[in-house]
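Structural description and commentary
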Amino acid sequence: MAEIDLEIITPEKIIYKDSVDSITIPGTKGMFQVLKDHAPLMSTIEIGVITLKNNNTNTYFTTAGGTIEVLNNNVLILADSVEVTEDIDIDRAERAKTRAEENLKRKKEEEEINVVRAELALKRAINRISAKEKYI
Amino acid sequence: MATLQDIKRRIVGVKNTQKITRAMKMIAAAKLRKAQTNVLNARPYTDKIASIVSRLPDEDDLSSNPFFTQRDVKNVAIVVVTADRGLCGSFNQNIIKETERYINEELKAEDINYQLFCAGKKGVDYFRKRDYEIIGTDSGLFSSLEYNSALNIYNTIVPKFLDGAIDKVVLIYNSFVSIINQKLETKQLLPITTESGSEERYQDDINYIYEPNREYIFKYIIPKHLKAQLWRTLLESNAAELSARMTAMDNATTNADELIKSLNLTYNKERQAAITKEILEIVSGANALKAS
């Protein structure tokens, strides 16, 4: 049934290249699903979980943001980082979480940009941890 | 005339040099494997993001979005990527030559100002010594190549481009083709060039749905694209440098082999000549004794 050709590419490597039945994306305007014959679409992706459905099995990827282009049943996801939930290093994520929280406490009075960065790091860490707990 | 000992000394010297070149070749080969994987893995992302960015703008964007607008070119920034070290054949020379050719033929002729951003120690040293106008340098970045180096170039150049202090940004670097081949590339980074067959593109213009909206996507994807291209440029140059060094050192090792061979031949000839001479002396001495 697989009808959509999907490519997930990060700056480090091609993560996924195969056809799938549907893709659920954490878009900037909210979660949405791409099925066959979806209208041409370009959207940014937020930190969250991408779900692929193929022959009734689901695969989950965590992502730290990126873009998606949908055109003629070809879907291209360019993301900053993508991991299969199985591969998430929970210890590393926990460490990143603690570090981000500490940075947030400490840097509140410092530059704005550091706060934003720490918040994003925290968000990514929480995303990884929750994905791991939820899907495995 | 060289004595036997002199020749022997040279042979030892050449052999030592050969040891070094062989070791350097092996180091370059080992590093190259990693650099090659890095660049091959980065290519799909940078290619795809470049193709999206070049398809994205419509007529309006080409005249209103500063990243795409073609301005009158008065100031050009050239990002020159060389290596940090030598001993890699004509790798650095090619880049420097091409940069000077570009400046003399395409910029000076049109009275265009230019500034250089030099990445890689060799280029920094060369252009600094000759008093070129330099807006930024990064030397020693290739010993452990990090994404921050690409960010550094981005942060130096892009704000200036948006201010209008620079109208065009050109990259000059070596790209990695194969283990034995590099290619000199001159590429325009800014303003972003759209696909050449753009007319065609507008005809079957696709009505994309943009989420949340076009501006947001532009704002997100263009910096990503530029950083990715700069990063790719550094990775390409790094892999190309290592492959150039590997070839150069391989040649040096082979040449040393030949030199040693010919030196050995001379050495043996000399040695035989000396022995013959000695025997002759003894024989003629003995004959002289017999005669008397």
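See the structure shown above.
Residues numbered from 1 in each chain as written. Chains lettered and ligands numbered in written order. Predicted model: local features only at pLDDT ≥ 70, side-chain atom pairs only at ≥ 80, totals over all residues.

What about the overall build of chain A?
Within chain A, the secondary structure is distributed over 2 helices and 8 strands. Beginning at the N terminus, the succession of helices and strands in chain A can be written as β-β-β-β-β-β-β-β-α-α. Principal axes of the C-alpha set define a box for chain A whose edges measure 50 × 30 × 25 Å. For chain A, buried positions account for 31% of its 136 residues. Across chain A, the fraction of contacts at a sequence separation of at least 24, relative to all contacts at a separation of at least 6, is 48%. (Helix = DSSP H or I, 4+ residues; strand = E, 2+ residues; numbered from the N terminus. Buried ≥ 20, exposed ≤ 12 C-beta atoms within 10 Å, placed from the backbone. Contact = placed C-beta atoms within 7 Å.)

What to know about the sheet that holds strand β2 (residues 113-119) of chain B
All names here are of chain B. Here we have 5 strands laid out as an open sheet, ordered β3-β2-β1-β4-β5, and mixed in their pairing. In this open sheet, the two edge strands, each paired with only one partner strand, are β3 (134-138) and β5 (181-190). The mean inter-strand angle of the sheet, taken between neighbouring strand axes irrespective of direction, is 20°. Two strands pair when backbone bridges link them, and strand β4 (residues 168-178) and β5 are joined in this way by 9 bridges, in the antiparallel orientation. Bridge pairing in β5 links F176 to Q182. Packing against the sheet, helix α5 (residues 147-163) makes contact with β1 (75-81), β2, β3, β4 and β5, and its axis sits at approximately 165° to β2. Seen against the sheet, helix α7 (residues 214-291) touches β1, β2, β4 and β5 and runs at an angle of roughly 45° to β4. (Pairing = 2+ DSSP bridges. Axes fitted to C-alpha atoms, helices over the stretch in contact; angles between N-to-C directions.)

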